[in-house]
Amino acid sequence: MSRLPYLASLGIGVVWLSPIFTSPMADFGYDISNFTDIDPIFGTMEDFDNLLQEAHGIGLKLVMDLVPNHSSDEHQWFQKSLDSVDPYTDYYVWANPRGFNETTGNPLPPNNWLSVFGGSAWTYREERQQFYLHQFLDKQPDLNYRNLNVQAEMQNIIKFWTDKGVNGFRIDAISNLFEVEDLSMNEPLSGDPSIQDPNDYGYLSHPYTVNLNETFALVRQWRIFLDQYSESKLLMAEAAYSAEDIEIGMRYYGTEEEPIADFPFNFNFIQNFQNRSDVTGFSLKYTVTEWLDNMPEGKWPNWVLGNHDKPRVASRMGKDLAEALNMMTLLLPGTAVTYYGEEIGMENTFVSYEDTQDTSACMWGPERYAEFSRDPERTPMQWDNSTNAGFTNGKTTWLPGNENYVTLNVANQEAAEQSCIQNYKDLAILRKADVFFSGGIAYPVITEEIFSYVRYIADGLTYLILINASEGEIMANLHSNANFELADTATVIIRTSTDTRDSTAPGKVINLESVPLLPGEGMVLQVIHS
């Protein structure tokens, strides 16, 4: 709670909490044993109520992580379903064996479906002589949304938290809510030549378990329910879709007449950029326009650079680019979603197999765990240069901190004249201007090295956002082959904090035919109209 003022100081409006519900913690709280209580490791319900009140008191909204696809296998619903106690008998997806192994006599799963974390999505239980479906860990049995009682249970959970004053939900694994009724259907091979392991989720395509029509209809009902409240509630959808199937992701917006989510999470900057070599002016523009051009008319975009499941943006796309990418997302149309630590440029941390907590990684053993571990991007927030980066007064932390915390931390950056966090705060203030809320967007010059866009209002302010996508210094000419007419000069408003040159200092006027940019540098300029 003591960190809420810090969050407010960043200029953000909404805080999204990862799951804090009662859980055995097989998957860091995404395996829930009680959807309407707080796990003791996070505190009590009274602590949560105080947190919510304090957040609202300083103008912050609070959004919770709703995990409707599955529960923990320790949830009382599953325990009663395991014993075939009505009405819980069919609260989960159960299926008979398709047969038995002729040699061992072991029951065979009803089909070839795979878990997102690898291996079969089915686990056999002697108590019922049946398999249950788990599209994630075997500790996370899938709820059966073809059972109307389950739908009612989840809506009651939504009501419980909304009545408390929560401002909305991020719906986890929304794409997996329904699967086909015929559980004998095998999913087809994906044909991806890079995946040869038949236990890898990507080895198969998933037409029978992902993004079924019934899912959209169910989430539409949740939207209708939330719209009954006098204060609008945010609904964000974590949807799984491929780059080739972006229109499926867009379906989660719904239509003007039948809206669903306020927005599905835009993971294109995560999917399209796996390493520094993927970054060019062309690829950045493609990723921006890919969303804007496919988004239904009148809907609201969003931009996500990193999250708790993928390597941090500074490690994935380059430390030199981290600040520039904040500039880009914070000034594009729509909502920018910031993963904690991105405001200071936090990097991935090496976590040994012995220190690894991610169950989905440990199951691959010491030789391959690093390929699957999500721990490197989940290490403690780096507040200052004291022991454990100021994250805790305890002797140890859940995961080891990054050794660079001594210099890379909030306290150091807030005390500095120029820093990543200072730029973040300035950008958060600047984005409140009308031109960034409702202005147009154009892309004056796009090259291998240069990504640029302008936000403008007719007869009003024009801002130019300029990024050097290369790893070398360049001199950018914003008039050469430009498709948007710009004035001769512009005033520097914000620049990457590692740039200490007097010629590019904020307030300086620069000729747009020769803008000097350091490797990975970003710059925000206000165009001077004659």
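Remember, predicted model here, so these are calculated numbers, not experimental data.

Thresholds, definitions, all that
- Residues numbered from 1 in each chain as written.
- Predicted model: local features only at pLDDT ≥ 70, side-chain atom pairs only at ≥ 80, totals over all residues.
- Heavy atoms only, no water.
- Salt bridge = Lys/Arg side-chain N within 4 Å of Asp/Glu carboxyl O.
- Helix = DSSP H or I, 4+ residues; strand = E, 2+ residues; numbered from the N terminus.
- Buried < 20%, exposed > 50% of the residue type's maximum accessible area, 1.4 Å probe, protein only.
- 1 Å grid on protein atoms, 1.4 Å probe; cavity = no way out; pocket = protein on both sides within 12 Å on 5 of 7 lines; lining within 4 Å.
- Points joined across faces, edges and corners; volume = space filled by probe spheres on them.
- Nonpolar A, V, L, I, M, F, W, Y, C, P; charged D, E, K, R; others polar.
- Patch = residues over 30% accessible without salt bridge, like charges linked within 9 Å, V, L, I, M, F, W, Y side chains within 5 Å.
- Areas by Shrake-Rupley, 256 points an atom, 1.4 Å probe, with all protein chains shown as cover.
- Lys, Arg positive; Asp, Glu negative; His and termini not counted.
- Charge placed at Lys NZ, Arg CZ, Asp CG, Glu CD.
- Pairing = 2+ DSSP bridges.

A. Inspection of the pattern of salt bridges at higher detail. Throughout the structure, instances matching the rule amount to 24 salt bridges. Between E371 and R368 there is a salt bridge, and its shortest N-O distance comes to 3.0 Å. With E371 and R368 both in helix 12 (residues 365–372) and 3 residues apart, this pair spans about one turn of that helix. Its relative accessible area of 53% is what places E371 among the exposed residues. Overall, R368 belongs to the partly exposed group, its relative accessible area being 30%. In this structure, R495 engages D499 in a salt bridge whose closest nitrogen and oxygen atoms are separated by 3.5 Å. The pair R495 / D499 is uniform in exposure class, with both members buried. Connected through salt bridges with shared partners, the residues D27, D309, D358, R374 and R378 form a single ionic network.

B. Structural detail: empty space enclosed by the protein. Evaluated as defined, the whole model comprises 2 cavities of 30 Å³ or more. Its boundaries defined by the atoms lining it, the largest cavity holds a volume of some 40 Å³. Together, W303, L305, N326, T329, L330, A336, V337, T338, E342 and Y424 line the largest cavity. At the level of secondary structure, the elements contributing two or more residues to the lining of the largest cavity comprise helix 10 (322–331) and strand 14 (335–337). Of the residues assigned to the lining of the largest cavity, the class counts are 6 nonpolar, 3 polar and 1 charged. In this structure, the second largest cavity occupies an estimated 30 Å³ of space.

C. Fine view of a negative patch on the surface. A contiguous patch of negative charge on the surface is contributed by E256, E257, E258 and E297. Within the fold, E257 resides in the loop between helix 6 (246–250) and strand 12 (263–264).

D. Representation of the sheet that holds strand 5 (residues 94–95) in the model. In space, the 3 strands of this open sheet follow the order 5-9-8, with antiparallel pairing throughout. Each edge of the open sheet is held by one strand with a lone partner, namely strand 5 and strand 8 (122–125). By the bridge criterion, 4 bridges tie strand 8 to strand 9 (residues 130–133) in an arrangement that is antiparallel. Along strand 9, the bridge assignment pairs R125 with Q130.

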